[in-house]
Amino acid sequence: MSYTALYRKYRPDTFEDVKGQDHIVTTLKNQIRANRIGHAYLFCGTRGTGKTTVAKIFAKAVNCEHPADGSPCGECAVCHAIGAGASMNVVEMDAASNNGVDNIRQIREEVAYSPTEGRYRVYIIDEVHMLSPGAFNALLKTLEEPPSYVIFLLATTEPQKIPVTILSRCQRYDFRRISIETIAARLKDLLDQEQVEAEDAAVRYIAKAADGSMRDALSLLDQCIAFYLGEELTYDHVLDVLGAADTEVFSHLLRSVLAKDVTAAVRILEEMVNLGREPGQFVTDFIWYLRNLLLVRSSDPMEDVLDMSGENLALLKEEAEMVEDDVIMRYIRVFSELSGQLRYASQKRVLIEIALIRLCRPSMEATQDALADRIASLEKQIEGGVLSAAGSPVRPRGAQTGPDAGPAAAPVRAAPVMPKAIPEDIREAVKNWRSVIQGLPKVVRTYLGRARLSLGGENKLMLVFDDDMAYTYITEDRHRQEITEAISMRIGKEVELLIEKNAGAAPFEENYIDLEKIIHMEIEIEDE
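Residues numbered from 1 in each chain as written. Predicted model: local features only at pLDDT ≥ 70, side-chain atom pairs only at ≥ 80, totals over all residues. Heavy atoms only, no water.

### Details of the overall build of the chain
So, point 1. When helices and strands are tallied, the chain shows 25 helices and ten strands.
So, point 2. Per-residue burial over the chain gives 42% buried out of 528 residues.
So, point 3. The long-range fraction of contacts in the chain, counting pairs at least 24 apart against all pairs at least 6 apart in sequence, stands at 71%.
So, point 4. Only carbon and sulfur atoms are counted for the fraction: they give 49% of the accessible area of the chain, which is about 27,900 Å². (Helix = DSSP H or I, 4+ residues; strand = E, 2+ residues; numbered from the N terminus. Buried < 20%, exposed > 50% of the residue type's maximum accessible area, 1.4 Å probe, protein only. Contact = heavy atoms within 4.5 Å. Areas by Shrake-Rupley, 256 points an atom, 1.4 Å probe, with all protein chains shown as cover.)

Right, here's the structure in full:
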């Protein structure tokens, strides 16, 4: 006898066997028990969630000679005939390949005849959204005035493509994605029946990879069993078959990215490719790893939410202390964009390498996320000292160095020295500041309203911000250029701008020269 795939061998025959769709099963059973059966049903949901299976069970139940609590008995002649696909009263049609007007006209001709056995003629139309406009119009007439013995069961993965006129004549049931716990429990039950040993971690990974689809889970399990036939199904075996990577790999990858080590990050990717790991799955799993990292940072009691071992959870908590929330969200955004690009890319590895370089080198980008990442990196560098002009950390003068050196002293900004004279260009720019920024875009004007004016060296105007968002926005090259050009047009001279974040705890007046007080001018920015 030929082998039968697991998803066909263990397809549910009764409502009680359907997993994860209790809200639908209960409603349908109640309708059958109370004889309140509708004439048209629309089953919506992603692939493998049980739409067609429930439709077939429903077709059996309404025609069963001896129904039990709303479910088919599975023993009568009608149940056997429907289960074998030999019943004249239950017609299945795939709208993907039978989507023309003629196919629906044939149904309209057939419904004129009452069922030869049982009580109802049931039409199951799968992927109904694939019907042509003309076919939908032909179906509409039958749905409006159906014979009392006809039931239509329409199944689709894309209900938004179905005309409203059809939707309004159907009872709609949305099939949910099946939870990992429900799928894992079902897989364990089937493994016991198949007499196959498997690790719990392996079963849960298959359940997670199925993405809410019981059929996908059974197909993946079938594939894994066949590859390691006669052996215990381990977690590593599943990773090999599915082309996935272990959590430890993503831990090493994240640490390489945080260390800005492009070589190490690319080397990890190369190892995964050489081991035959699927690039798209690698990206998806890394996004989930980053998601778990963000959840750990968001709240403490996450053991029940995160599906991982205690050892991996401890490792995740350690890494959560190494990175900020906004940096993690930038990583997720970069890899989410990458995930969409990989579907149609011919050079997937190259795209992943570029994404890793983007994570390691935020200076290559001018986006707000990348700027925030650069700022966070600079803040870490100056924790032990002041940054030099070249950007390298410099310890405060007199600080001890070497192996015996103690903790680095916090950088101390020198008290501002009152200038003997303010350069005329700077004075003119400050005096005319309101008119300077009047012609700028509203958002730029709003953020400039949070700036304090100070002197930044010889003939340099300094803008100092306490607000992180305003500082990040104004430091973008295009906004800096807009402000510089506005000053030049107003006073007829170029003034160099310095933009600085007042990161210290001390007030602005203690760290900077306040040009407002010196020039005795009040700056106002009006919101229009």
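### Topic: the sheet that holds strand 9 (residues 460–465)
So, point 1. Pairing within the open sheet is mixed, and its three strands lie in the order 8-9-10. Each edge of the open sheet is held by one strand with a lone partner, namely strand 8 (451–455) and strand 10 (496–501). Strand-to-strand, the axes of this sheet are offset by a mean angle of 30 degrees, without reference to chain direction.
So, point 2. For strand 9 and strand 10, the ladder comprises six bridges, and the chain directions are parallel. What sits directly across from Lys460, in strand 10, is Glu496.
So, point 3. Lying on the sheet, helix 19 (residues 424–431) is in contact with strand 8 and strand 9; it crosses strand 9 at an angle near 45 degrees.
So, point 4. Sheet strands touched by helix 23 (residues 477–491): strand 9 and strand 10. Its angle to strand 10, the strand with the most contacts, is close to 135 degrees. (Pairing = 2+ DSSP bridges. Axes fitted to C-alpha atoms, helices over the stretch in contact; angles between N-to-C directions.)

### What about the packing of helix 5 (residues 101–110) against helix 6 (residues 133–144)?
So, point 1. Two elements in contact, helix 5 and helix 6, have axes whose closest approach is 8 Å; the angle formed by their N-to-C orientations is 15 degrees. In terms of axis orientation, helix 5 runs roughly parallel to helix 6. Helix-helix and strand crossings are classified by hand; for helix 5 and helix 6 the assignment is left-handed. Contacts between helix 5 and helix 6 involve Val101, Ile104 and Arg108 on the former and, on the latter, Gly134, Ala135, Ala138, Leu139, Lys141 and Thr142.
So, point 2. When its residues are assigned to classes, the contact of helix 5 with helix 6 shows five nonpolar, two polar and two charged. (Parallel < 35°, antiparallel > 145°, perpendicular 65-115°, else oblique. Left-handed = near helix turned anticlockwise from the far one by under 90°. Nonpolar A, V, L, I, M, F, W, Y, C, P; charged D, E, K, R; others polar.)

### Brief notes about empty space enclosed by the protein
So, point 1. Inspection of the entire model under this criterion finds one cavity of 30 Å³ or more.
So, point 2. Of the voids in this model, the largest cavity is the one considered here, and its volume is about 30 Å³.
So, point 3. If you go around the largest cavity, the residues you meet are Leu269, Met272, Val273, Arg277, Pro279, Phe282 and Ile352.
So, point 4. Contributing elements (two or more residues each) for the lining of the largest cavity: helix 13 (262–274) and helix 14 (279–298).
So, point 5. Across the lining of the largest cavity, the residue classes break down as six nonpolar, no polar and one charged. (1 Å grid on protein atoms, 1.4 Å probe; cavity = no way out; pocket = protein on both sides within 12 Å on 5 of 7 lines; lining within 4 Å. Points joined across faces, edges and corners; volume = space filled by probe spheres on them.)

### So, the environment of Glu197
So, point 1. Summarising the element assignment, Glu197 is placed in the loop between helix 8 (180–194) and helix 9 (200–209).
So, point 2. Dropping the residues within four chain positions of it, Glu197 is found in contact with Glu231, Glu232 and Leu233.

### Notes on the pattern of salt bridges
Proximity of charged atoms lets side chains of opposite charge pair with each other.
So, point 1. Counted under the stated rule, the structure contains 24 salt bridges.
So, point 2. In this structure, Glu158 engages Lys161 in a salt bridge whose closest nitrogen and oxygen atoms are separated by 2.9 Å.
So, point 3. Residue classification places Glu158 among the partly exposed positions, given a relative accessible area of 25%.
So, point 4. By relative accessible area, Lys161 is classed as partly exposed at 47%.
So, point 5. Taken together, the shared-partner salt bridges connect Glu16, Lys29, Arg33 and Asp69 into one network. (Salt bridge = Lys/Arg side-chain N within 4 Å of Asp/Glu carboxyl O.)

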